Amino acid sequence: YKVIHVAGTKGKGSTSAMLTSLLNAAGYKTGFYSSPHMLTFNERIRVGDKLIDDQQIVDLVNTVKVFVPLVRELTTFEIITGMAFLYFSQQQVDFAVIEVGMGGRLDATNIVHPLVSVITSISHDHMKVLGSTLSKIAEEKAGIIKPGVPVVISNQKKPSRETLTSVALEKNAPLYKSDEI
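To start, this report covers the structure provided alongside it. Computed from a predicted structure; not experimentally measured. (Residues numbered from 1 in each chain as written. Predicted model: local features only at pLDDT ≥ 70, side-chain atom pairs only at ≥ 80, totals over all residues. Heavy atoms only, no water.)

### Structural notes on the overall build of the protein chain
Then comes step 1: Secondary structure summary: the protein chain contains six helices and eight strands in total.
Then comes step 2: Mapped in sequence order, the helices and strands of the protein chain form the string β-α-β-β-β-α-α-β-β-α-α-β-α-β.
Then comes step 3: Taken against the 2.2 N^0.38 rule, which gives 16 Å for 181 residues, the C-alpha radius of gyration of the protein chain at 16 Å falls within 12% of a compact globule.
Then comes step 4: Seen through its principal axes, the protein chain has C-alpha atoms that stretch 45 × 40 × 30 Å.
Then comes step 5: For the protein chain, the share of sequence-separated contacts (at least 6 apart) that also reach a separation of at least 24 residues comes to 68%.
Then comes step 6: In the structure as shown, the protein chain presents an accessible area of about 9700 Å², 57% of it carried by carbon and sulfur atoms.
Then comes step 7: Within the protein chain, the 17 negative side-chain charges are centred at a point lying 4 Å from the centre of the 19 positive side-chain charges. (Helix = DSSP H or I, 4+ residues; strand = E, 2+ residues; numbered from the N terminus. Rg over C-alpha atoms; globule rule 2.2 N^0.38 Å. Contact = heavy atoms within 4.5 Å. Areas by Shrake-Rupley, 256 points an atom, 1.4 Å probe, with all protein chains shown as cover. Lys, Arg positive; Asp, Glu negative; His and termini not counted. Charge placed at Lys NZ, Arg CZ, Asp CG, Glu CD.)

This is the structure:
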């Protein structure tokens, strides 16, 4: 399936939900992976407007649990991400909109090779992990930019914009700035 990968501090969930709605409305079977959930775990993995049901979660856990001991220091988020990717494959989605959990560069979702990457507004978040400046945080989020893969960025503060632009140029990734489109 084709992937749209979304990172950022503010607006990544809304952007991901809107992209999913647009693709659904266009007639595509679309998976949506997000975190964290608001009310129920099932919100994290959905196809179209339908949340994954409890039995499907149990089935996925039973499928992946044999592999968990084979990987040292595997996190819960990495396991859930793997379950989502497997589920989208089983459901034969056309597209999957994948929201980054935290950061981007080292995020479990960053294993994808997207059709397009999207980076929403960047501000100070998870500073103990991502860095104390907007440039450092933007560098982590820019980790989802892949060579040659188009990237769309929202309006950014100057340090973030400069970092994202630099990484896109370095990786020869076509860059589209939403405030200039």
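From this point on, the discussion continues.
### Here's the deal with the sheet that holds strand E8 (residues 175–177)
The strands making up a sheet are joined through hydrogen bonds of the backbone, oriented either antiparallel or parallel.
Then comes step 1: Across the sheet, eight strands lie side by side as E4-E3-E2-E5-E1-E6-E7-E8; this open sheet has mixed pairing. What marks the edges here is a single partner per strand, and that holds for strand E4 (50–51) and E8.
Then comes step 2: Pairing of strand E1 (residues 2–7) with strand E6 (residues 116–119), which is carried by four bridges, proceeds in the parallel orientation. Among the inter-strand pairings, Ile 4 is bridged to a residue of E6, identified as Val 116.
Then comes step 3: Each of E1, strand E2 (30–33), strand E5 (95–99) and E6 is contacted by helix H1 (residues 12–25), which is oriented at about 175° to E5, the strand it contacts most. (Pairing = 2+ DSSP bridges. Axes fitted to C-alpha atoms, helices over the stretch in contact; angles between N-to-C directions.)

### Regarding the nonpolar core
Then comes step 1: Membership of the largest hydrophobic core comes to 18 residues, with the highest contact counts inside it found for Tyr 33, Ile 45, Ile 52, Tyr 87, Phe 88 and Ile 98.
Then comes step 2: Take this core: its biggest share by element is six residues, from helix H3 (residues 76–90).
Then comes step 3: Contact partners of Phe 88, with chain neighbours within four places excluded, come to Tyr 1, Gly 31, Phe 32, Tyr 33, Ile 45, Arg 46, Val 47, Val 93, Ala 96 and Ile 98. (Core = buried A, V, L, I, M, F, W, Y, C linked by side-chain atoms within 4.5 Å. Buried < 20%, exposed > 50% of the residue type's maximum accessible area, 1.4 Å probe, protein only.)

### Remarks on the pattern of salt bridges
A side chain of one charge can pair with a side chain of the opposite charge when the charged atoms of the two come close.
Then comes step 1: Per the counting criterion, the structure on display carries two salt bridges.
Then comes step 2: Across the pair Arg 105 and Glu 140 runs a salt bridge, and its minimum N-O distance is 3.1 Å. One end of the pair, Arg 105, is in the loop between E5 and E6; the other, Glu 140, is in helix H5 (residues 134–141), and 35 residues separate them in sequence.
Then comes step 3: Judged by its relative accessible area of 43%, Arg 105 is partly exposed.
Then comes step 4: Relative accessible area serves as the criterion here: at 12%, Glu 140 is assigned to the buried category.
Then comes step 5: Among the ionic pairs, Lys 158 bridges to Glu 162, the shortest N-O distance being 3.8 Å. In this pair, Lys 158 and Glu 162 are both assigned in helix H6 (residues 158–170), four residues apart and thus about one turn of the helix distant. (Salt bridge = Lys/Arg side-chain N within 4 Å of Asp/Glu carboxyl O.)

### Topic: the packing of aromatic side chains
Then comes step 1: Taken as a whole and assessed by the stated rule, the structure comprises four aromatic pairs.
Then comes step 2: Taking 4.9 Å as the distance between ring centres and 80° as the angle between the ring planes, the aromatic pair formed by Tyr 28 and Phe 95 counts as edge-to-face. Taken together, the positions of Tyr 28 in the loop between H1 and E2 and Phe 95 in strand E5 put the pair 67 residues apart, joining distant regions of the chain.
Then comes step 3: Just above the ring of Phe 95 sits the side chain of Lys 2; from NZ or CZ to the centre is 5.8 Å. (Phe/Tyr/Trp six-rings, centres within 6.5 Å; stacked < 30°, edge-to-face > 60°. Lys NZ or Arg CZ within 6 Å of the ring centre and 35° of its normal.)

### Concerning unusual backbone geometry
Then comes step 1: Of note, the amide linkage connecting Ser 35 to Pro 36 takes the cis form, showing an omega dihedral of -5°.
Then comes step 2: Examined against the element boundaries, Pro 36 turns out to sit in the loop between E2 and strand E3 (45–47).
Then comes step 3: Although it is not a glycine, Glu 73 sits at a positive phi angle of roughly 55°.
Then comes step 4: Note on placement: Glu 73 falls in the loop between helix H2 (54–64) and H3.
Then comes step 5: Backbone geometry places Asn 172, a non-glycine residue, at a positive phi of 55°.
Then comes step 6: Within the fold, Asn 172 resides in the loop between H6 and E8.

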